[in-house]
Amino acid sequence: MQFFDRLHDRIAAADSVVSVGLDPDPDRLPESVRDADLPRWQFNRRIIDATHEHAACYKPNAAFYEDPDGWRALRETIAYAHGKDVPVLLDAKRGDIGNTARQYATILDDEHGPAADAITVNPYLGRDSLEPFLQREEKGVFVLGRTSNPGGADLQDLELASGEKLYERVVHLADLWNDDGNVGLVVGATAPEELEEIRELVPDIPFLVPGVGAQGGDSEAAVEYGLADGVGLVNSSRGIIFAGEDAADRGAPEKFFEAAGRSAKQLKAQLNQFR
Ligand SMILES: O=c1ccn([C@@H]2O[C@H](COP(=O)(O)O)[C@@H](O)[C@H]2O)c(=O)[nH]1
């Protein structure tokens, strides 16, 4: 089954477009999991238990797993999310020359354990750098379009000789690369005007919209422009997984994960107002 069909079904089943970001910053893990074998996995397991009813997808960012224990934690997390019937999008922002890209793309294969259903990629090296990802037709491939960080405009807003902005060219290329219907775009909620404009350029491509919650992005625009035929994802990571930090600080560790569940539920309700 293709990723966007699976995502469509999950969005319907959970009545949610919330992507829960699994970025287990080691400095912010609660005491209750710090001494566990694989603390990041124990953290994610409890976050998934608390949030899966409200999750259309989980989005672990590879940056938080790039060490031997981290890869183990990631595989366990993917298997557990799949056990709850929630797809997983690995935010890895890959993109490199051919032979390296071929190697990078093997992270989407099940050979070494359960693999993610989709990945984020960086378009800067052009089509051949993304081909190994695109060829895995059942996997979703989210191309960085207009990112949510303050410096996103430094390069992405540059005007080309054609008069197009660089991100507009990327969006156009992503559309051309979408032969198999497995391409999505990453467009930040902190850039609502660009979100609207990009949606006009590519009416049929689903977006992953990060930047609501901790980054203060526009959740209404994220939903209004992020979804294509009802399919798309609005991500919050820290705003959900660390929502219980205050409770833990006040000496109520058991409330930590309940707060994550509440936060995911609240975000789902907030976003559903605009669907
Ligand atoms: O443009 C982008 C692309 C990716 N991200 C990633 O999404 C999450 C956001 O985390 P929050 O805690 O909700 O701010 C994180 O993994 C980023 O690396 C993004 O924010 N913007």
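Before reading on, note that the structure itself is shown above.
Attention in this report is confined to the structure presented alongside it. Since the structure is predicted, the reported quantities are computational estimates derived from the model, not experimental observations.

Considering the site of the ligand
Argument step 1. As a structural note, the neighbourhood of the ligand is formed by 16 residues, with Asp-23, Ser-148, Gln-215, Ser-237 and Arg-238 the closest of them.
Argument step 2. Residue Asp-23 places a side-chain N or O atom 2.7 Å away from an oxygen atom belonging to the ligand.
Argument step 3. Contacts to the ligand include Asn-61, whose side-chain N or O atom sits 3.0 Å from an oxygen atom.
Argument step 4. Protein coverage of the free-state accessible area of the ligand, which is 460 Å², stands at 88%.
Argument step 5. Elements that contribute at least two residues to the shell around the ligand include exactly strand S3 (89-94) and strand S8 (233-236).

Overview of the environment of Glu-111
Argument step 1. Looking at where Glu-111 falls in the secondary structure, it is placed in the loop between helix H5 (98-105) and strand S4 (118-121).
Argument step 2. Given a relative accessible area of 67%, Glu-111 falls into the exposed group.
Argument step 3. Spatially, the C-alpha atoms of Glu-111 and Pro-123 are 26 Å apart, while their sequence positions differ by 12 residues.

Considerations on the pairing of strand S2 (residues 57-60)
Argument step 1. With burial as the criterion, each face of S2 is covered, one bearing Cys-57 and Lys-59 and the other bearing Tyr-58 and Pro-60.
Argument step 2. As paired strands, strand S1 (residues 18-22) and S2 are joined by four bridges and run parallel to one another. Bridged to Val-20 within S2 is Tyr-58.

Analysis parameters
Residues numbered from 1 in each chain as written. Predicted model: local features only at pLDDT ≥ 70, side-chain atom pairs only at ≥ 80, totals over all residues. Heavy atoms only, no water. Near = heavy atom within 4 Å. Polar contact = N/O pair within 3.5 Å; in protein donor to acceptor, adjacent residues only side chain to side chain. Areas by Shrake-Rupley, 256 points an atom, 1.4 Å probe, with all protein chains shown as cover. Helix = DSSP H or I, 4+ residues; strand = E, 2+ residues; numbered from the N terminus. Buried < 20%, exposed > 50% of the residue type's maximum accessible area, 1.4 Å probe, protein only. Pairing = 2+ DSSP bridges.

Functional significance is not addressed by these values, which are geometric in nature.
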